[in-house]
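Each chain, written out:
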Amino acid sequence: MPQARLVDFWARAIAARSPVMLEQLRGVARDLIAARSALRSVMPAEFVNNPPIDLLYALFAADDQAMMVPPLITATGVSGPVARRWLDVLVDRDLVMERDGRVTLTEAGFVMAAEACQAIIESRTGAAGATLN
């Protein structure tokens, strides 16, 4: 990763971890999880399911950005094998790490989820870059 991108990466990671900002971003993730769950009750699953996003949001909203595998898979609303395949992709892309049945966001996964939630906040307020940059 070039030096400028690395500095920008850590600046965003630090900003997103401020207690007030982190709670705001996690609130967006929880809202998205709830909205997707509500959609699953009225729409065909194939219209709603997006396992990698669901996995990242569930981890981001979780305490310490970590969960055991079974409840994490349940949070996706897809079958175990499908969720497992996506967990493997996220591990390969260094967005999560898995150890002893516990999945945790890496720094890159944390920043990606935080930026996704920040983009949603910005889309609602029109304040592009106001908080994380």
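A.B. asks: Any chance you could explain the overall build of the protein here in plain terms?
C.D. replies: Check the secondary structure of the protein and you find seven helices and three strands. Listing every helix and strand of the protein by position from the N terminus yields α-α-α-α-β-α-α-β-β-α. The buried share among the 133 residues of the protein stands at 39%. Sequence separation of 24 or more characterises 63% of the internal contacts of the protein that already satisfy a separation of 6 or more. A total of about 7,400 Å² of accessible surface is found on the protein, and carbon and sulfur atoms cover 60% of it.

A.B. asks: When you look at the pattern of salt bridges in this model, what are you seeing that I'm missing?
C.D. replies: A side chain of one charge can pair with a side chain of the opposite charge if their charged atoms are brought near each other. Applying the stated criterion across every chain, the model contains six salt bridges. For the salt bridge of Glu23 with Arg30, the shortest nitrogen-to-oxygen distance reads 2.3 Å. In this structure, Asp54 engages Arg36 in a salt bridge whose closest nitrogen and oxygen atoms are separated by 2.4 Å. Of this pair, Asp54 sits in helix H4 (residues 51-61) while Arg36 sits in helix H2 (residues 19-40), and the two are 18 residues apart along the sequence. The same class applies to Asp54 as to Arg36, namely buried.

A.B. asks: Please clarify how the packing of aromatic side chains should be interpreted in this entry.
C.D. replies: Under the counting rule described, the total for this entry stands at one aromatic pair. For the pair Phe60 and Phe110, a centre-to-centre distance of 5.4 Å together with 45 degrees between the ring planes defines the contact as tilted. With Phe60 in helix H4 and Phe110 in helix H7 (residues 107-125), this residue pair connects regions lying 50 residues apart in the sequence. Phe110 carries the same exposure label as Phe60, and that label is buried.

A.B. asks: Got a minute to help me understand the nonpolar core in this structure?
C.D. replies: Most often, soluble globular proteins have nonpolar side chains that are buried together. Residues Phe60 and Leu72 are the most contacted members of the largest nonpolar core, which totals 33 residues. Residue assignment for this core shows that the elements contributing at least two residues are H2, H4, helix H5 (69-76), helix H6 (80-92), strand E3 (102-105) and H7. The residues touching Phe60, leaving out its near neighbours within four places in the chain, are Leu22, Leu25, Arg26, Ala29, Gln65, Leu105, Phe110, Ala113, Ala114 and Cys117.

Parameters at a glance
- Residues numbered from 1 in each chain as written.
- Predicted model: local features only at pLDDT ≥ 70, side-chain atom pairs only at ≥ 80, totals over all residues.
- Heavy atoms only, no water.
- Helix = DSSP H or I, 4+ residues; strand = E, 2+ residues; numbered from the N terminus.
- Buried < 20%, exposed > 50% of the residue type's maximum accessible area, 1.4 Å probe, protein only.
- Contact = heavy atoms within 4.5 Å.
- Areas by Shrake-Rupley, 256 points an atom, 1.4 Å probe, with all protein chains shown as cover.
- Salt bridge = Lys/Arg side-chain N within 4 Å of Asp/Glu carboxyl O.
- Phe/Tyr/Trp six-rings, centres within 6.5 Å; stacked < 30°, edge-to-face > 60°.
- Core = buried A, V, L, I, M, F, W, Y, C linked by side-chain atoms within 4.5 Å.

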